[in-house]
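Chain and residue survey
As a plain string of letters, each chain reads:
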Amino acid sequence: MKVILQAKGLWKEFDGTPILKGIDFSVNEGEFIAIMGQSGSGKSTLLYNISGMDRATKGVIQFQGEDILNQDDNKISNLRLTKMGFIFQQAHLLKTLSIRDNIVLPGFKAQRKRREQIKEFAEELMKRTGINQIADHDIKKVSGGQLQRAAICRALINQPEILFGDEPTGALNSGATKEIMDIINKINVDGTTVILVTHDAKVAARADRVIFLADGNITDEIVLGKFKEKMTTDREKNMSEWLVKLGF
Ligand SMILES: Nc1ncnc2c1ncn2[C@@H]1O[C@H](COP(=O)(O)OP(=O)(O)OP(=O)(O)O)[C@@H](O)[C@H]1O
Ligand SMILES: [Mg+2]
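This is a predicted model, so every value here is computed, not measured. (Residues numbered from 1 in each chain as written. Chains lettered and ligands numbered in written order. Predicted model: local features only at pLDDT ≥ 70, side-chain atom pairs only at ≥ 80, totals over all residues. Heavy atoms only, no water.)

1. Quick look at the pattern of salt bridges
Considering all chains together, one arrives at 17 salt bridges under this definition. The partner of glutamate 66 in a salt bridge is lysine 75, and the shortest N-O contact between them spans 2.8 Å. Overall, the relative accessible area of 40% leaves lysine 75 in the partly exposed class. Between aspartate 136 and arginine 100 there is a salt bridge, and its shortest N-O distance comes to 2.5 Å. Taken as a pair, aspartate 136 in the loop between helix H4 (115-128) and helix H5 (144-156) and arginine 100 in helix H3 (residues 99-110) lie far apart in primary sequence, 36 residues in all. (Salt bridge = Lys/Arg side-chain N within 4 Å of Asp/Glu carboxyl O. Buried < 20%, exposed > 50% of the residue type's maximum accessible area, 1.4 Å probe, protein only. Helix = DSSP H or I, 4+ residues; strand = E, 2+ residues; numbered from the N terminus.)

Encoded structure:
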């Protein structure tokens, strides 16, 4: 198996206070990793540092074998734009643009394909995620689940190798969470590596591997194996038992 992302001795301080304390971990191409841990344990910080959104204080971070910690900002921005996709708890769409225009925007910015091709791909993504009917709607009038689908389309417009999510279902009800997670599982099965931070056992139960953070260290890891289309009661039970064992 090929490693896509690797962190060694990842250390992050804010104002001299260590928040990540020497994290070592590696992610294989095509894997789906969930990151769990108490509030304040450093999950978002870890996600932002391994994706180059923030810069670690020291350590080694490699993406596809290339060091990203010591690259200049332009190179990291370009890497993020073309090879990585991001989704957050809120969709963060531009309110003055339609859903369609929000989705094509990073495609136009990356300039890797002709505008027509980018628009066509946006239509395909919107169909796949079931929002093609609302492509021209005012984004203030669509549901949180629909906004999050649009955010996923925007994250995928440049066909990233890896999708990062910081509690992408954190603001959704259980029905919308299931729908979004079905989409994310499909993206993963189609070949994109996925790393999600979540507080939700049902979301984590869909990952191949769950990493637990406490006080800036990885304290546990459980391997669940590849998710196969439908959630099984065994899989959820397994995950819930682990959470109890780990004191959640
Ligand atoms: N920009 C920052 N400046 C200073 N301290 C920060 C900054 N970002 C995070 N921290 C601190 O780092 C610690 C970890 O924060 P982080 O956001 O990574 O936690 P988290 O595990 O994602 O929590 P939550 O589940 O609440 O989102 C917290 O104590 C937080 O206050
Ligand atoms: Mg967080």
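So that's the structure; there's more coming.
2. Concerning the packing of aromatic side chains
Note on aromatic pairs: each is described by the distance of the centres and the angle between the planes. Under the criterion given, the structure shown has three aromatic pairs. Ring centres of phenylalanine 86 and phenylalanine 88 lie 6.4 Å apart, and the angle between their planes is 5°; this geometry places the pair in the stacked category. Judged by relative accessible area, phenylalanine 86 falls into the buried class, the value being 16%. Phenylalanine 88 gets classed as partly exposed once you look at its relative accessible area, which sits at 23%. Residues phenylalanine 86 and phenylalanine 164 carry aromatic rings whose centres are separated by 5.3 Å and whose planes lie at 20° to one another, so their mutual orientation is stacked. (Phe/Tyr/Trp six-rings, centres within 6.5 Å; stacked < 30°, edge-to-face > 60°.)

3. Description of the nonpolar core
It is characteristic of soluble globular proteins that their nonpolar side chains tend to be buried jointly. Among the nonpolar cores identified, the biggest contains 48 residues, and Ile99, Ile103, Ile131, Ile152, Ile184, Val210 and Met239 are the most heavily contacted of them. For isoleucine 99, the contacting residues outside a window of four places in its chain are Met126, Ile131, Ile134, Ala135, His137, Ile139, Val142 and Ala150. Ala7, Ile23, Phe164 and Leu213 belong to the second-largest nonpolar core, a separate cluster that totals 27 residues. (Core = buried A, V, L, I, M, F, W, Y, C linked by side-chain atoms within 4.5 Å. Contact = heavy atoms within 4.5 Å.)

4. Details of the sheet that holds strand E8 (residues 193-197)
In spatial order, the strands read E6-E7-E8-E3-E9-E10; together these six strands make up an open sheet with mixed pairing. Only two strands of the sheet have a single partner each, and these edge strands are strand E6 (84-87) and strand E10 (217-223). Between one strand axis and the next, the sheet turns through 20° on average, direction left out of account. Summarising the sheet, strand E7 (residues 162-166) and E8 pair through five bridges and their orientation is parallel. Each residue of the ladder has a partner; that of glycine 165, found in E8, is leucine 196. This element, helix H2 (residues 73-83), spans E6 and E7 of the sheet and lies at about 80° to E6. The strands touched by helix H6 (residues 174-189) within the sheet are strand E3 (32-37), E6, E7 and E8, with E8 carrying the most contacts at an inclination of about 145°. (Pairing = 2+ DSSP bridges. Axes fitted to C-alpha atoms, helices over the stretch in contact; angles between N-to-C directions.)

5. Topic: the sheet that holds strand E1 (residues 3-14)
Within the open sheet, the four strands sit side by side as E2-E1-E4-E5. Their pairing is antiparallel. In this open sheet, the two strands that pair with only one neighbour each are strand E2 (17-28) and strand E5 (66-67). Of the strand pairs in this sheet, E1 and E2 are connected by nine bridges, and their pairing is antiparallel. Directly across from valine 3, in E2, lies its bridge partner asparagine 28.

6. Some words on the pairing of E10
Relative to E10, strand E9 (residues 209-214) is paired through six bridges, and the arrangement is antiparallel. Bridging across to E10, arginine 209 finds its partner in valine 223. Linking E9 back to E10 in an antiparallel pair, the connection comprises two residues, with aspartate 215 at a positive phi of about 50°.

7. Considerations on the site of ligand 1
Looking at ligand 1, the residues that line it are Phe14, Ile19, Gln38, Ser39, Gly40, Ser41, Gly42, Lys43, Ser44, Thr45, Glu167 and His199. Residue histidine 199 places a side-chain N or O atom 2.9 Å away from an oxygen atom belonging to ligand 1. Relative to its free-state accessible area of 630 Å², ligand 1 is covered by the protein chains to the extent of 57%. No other element matches helix H1 (residues 43-50), which puts three residues into the shell around ligand 1. For the shell around ligand 1, the class distribution of residues is two nonpolar, eight polar and two charged. (Near = heavy atom within 4 Å. Polar contact = N/O pair within 3.5 Å; in protein donor to acceptor, adjacent residues only side chain to side chain. Areas by Shrake-Rupley, 256 points an atom, 1.4 Å probe, with all protein chains shown as cover. Nonpolar A, V, L, I, M, F, W, Y, C, P; charged D, E, K, R; others polar.)

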